[in-house]
Amino acid sequence: MISSKSITIFSDYEALSIAAADHVYQALHDGLQEKGKFVFGCATGGTPARFYQQLLSLLQQHPVSLRSFFTVNLDEYYPMPQSNEQSYYSWMKRIFWHPLQQMNLSFDYERQVLIPDGDVQDPRKEAKQYEDKIRTWGGIDVQILGIGENGHIGFNEPGSERGSRMRLVSLTESTRRTNAKFFGGDIQAVPKQAITMGVETILEAKEILVLVSGKQKAEIMKKIFSAAEPTSDIPATYLLKHPHTHWFFDTDAAALM
Ligand code: F6R
């Protein structure tokens, strides 16, 4: 073990999602009150889907003005136009931004969200502008993360350096195979590249909440928590040195730890 960590194990996916939504709701409520602004780092994928529903329902029950609430996404496939059903842009719009906008809390996703554009000619320029924008917004207050079965965070695949920043990356065969389920089971339909926040960009978030659910994650969790030192072979191990990272597991994901 690298050092003691903030780890909570929940009975199941539902309990984990509710607790994560409570945590983020409280942080955004306090952030908006204390600093007048909250920047929320969003992940996509299977794991956080229920969390977003829970967060929406908390905001419905306990409304706050979201005029100064901003969201920043981790990544987007490349090439991938926003209009494509499978883009992370479409996913976020469907699952979170659009329902949020409908709640009359002064949230406007045309103005308050940032997600990499997977349709640009010059990904390097896009990456630079993205990092500049995060800085202009004052950095990410709370970042939600899922973990890939190969230990990736964002799309920082094995081999990604601690100092890596936002950039165009190649997806591994195993990630494309895992994500084929979101493309009708067809690995050929999964883009070969993505634009992702770098490891360093992620670690600059003031607080990180890692959500891990399901037995298919148990093996990589065991590897992460038995690593002697952070290693680029398993990018998620870099999180072990971040001072304000909370790990939320369900019992299946924690089964081998
Ligand atoms: C998604 C992302 C990925 C996922 C990871 C886990 O924006 O950056 O790192 O968090 O692949 O995905 P799920 O939750 O589908 O197991």
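Above this text sits the structure in question.
Every value quoted in this text rests on a predicted model; they were computed, and no experiment measured them.

**Q** Explain the sheet that holds strand β1 (residues 6-10) to me, and be specific about the residues and the numbers.
**A** As summarised here, the arrangement of the 7 strands in space is β1-β10-β9-β6-β2-β3-β5, forming an open sheet in which the pairing is parallel. Single-partner strands in this sheet number two, and they are β1 and β5 (113-114). Sheet topology places strand β2 (residues 38-42) next to strand β3 (residues 69-73); 5 bridges connect them, and they run parallel. Paired with Phe38 across the two strands is Phe69, which belongs to β3. Packing of helix α2 (residues 49-61) onto the sheet brings it into contact with β2, β6 (142-145) and β9 (207-212), and relative to β2 it is tilted by some 155°.

**Q** Account for the sheet that holds strand β4 (residues 75-78), with residues named and values stated.
**A** As a general point, the strands of a sheet are linked pairwise by backbone hydrogen bonds and lie either parallel or antiparallel. Across the sheet, 3 strands lie side by side as β4-β8-β7; this open sheet has antiparallel pairing. Only two strands of the sheet have a single neighbouring strand rather than two, namely β4 and β7 (167-170). Averaged over all adjacent pairs, the angle separating strand axes in this sheet is 30°, with direction ignored. Summarising the sheet, β4 and strand β8 (residues 193-196) pair through 4 bridges and their orientation is antiparallel. What sits directly across from Glu76, in β8, is Ile195.

Rules behind the numbers
Think of each chain on its own: its residues are numbered from 1, step by step along the sequence as written. Note on the predicted model: pLDDT of at least 70 is required for a residue's local features to be given, and 80 or more for side-chain atom pairs to be given and counted; whole-chain, interface and lining totals, by contrast, use all residues. The side-chain numbers reported here are obtained from all heavy atoms of the structure, hydrogens and water having been left aside. Paired strands are those between which DSSP finds at least two bridges. For helices the rule is a DSSP run of H or I covering at least 4 residues; for strands it is a run of E covering at least 2, with both sets numbered from the N terminus onward. Residues count as neighbours in contact if any of their non-hydrogen atoms are within 4.5 Å of one another. Interaxial angles span 0 to 180 degrees and are taken between N-to-C directions of axes, which are lines fitted to C-alpha atoms, for helices over the stretch in contact.

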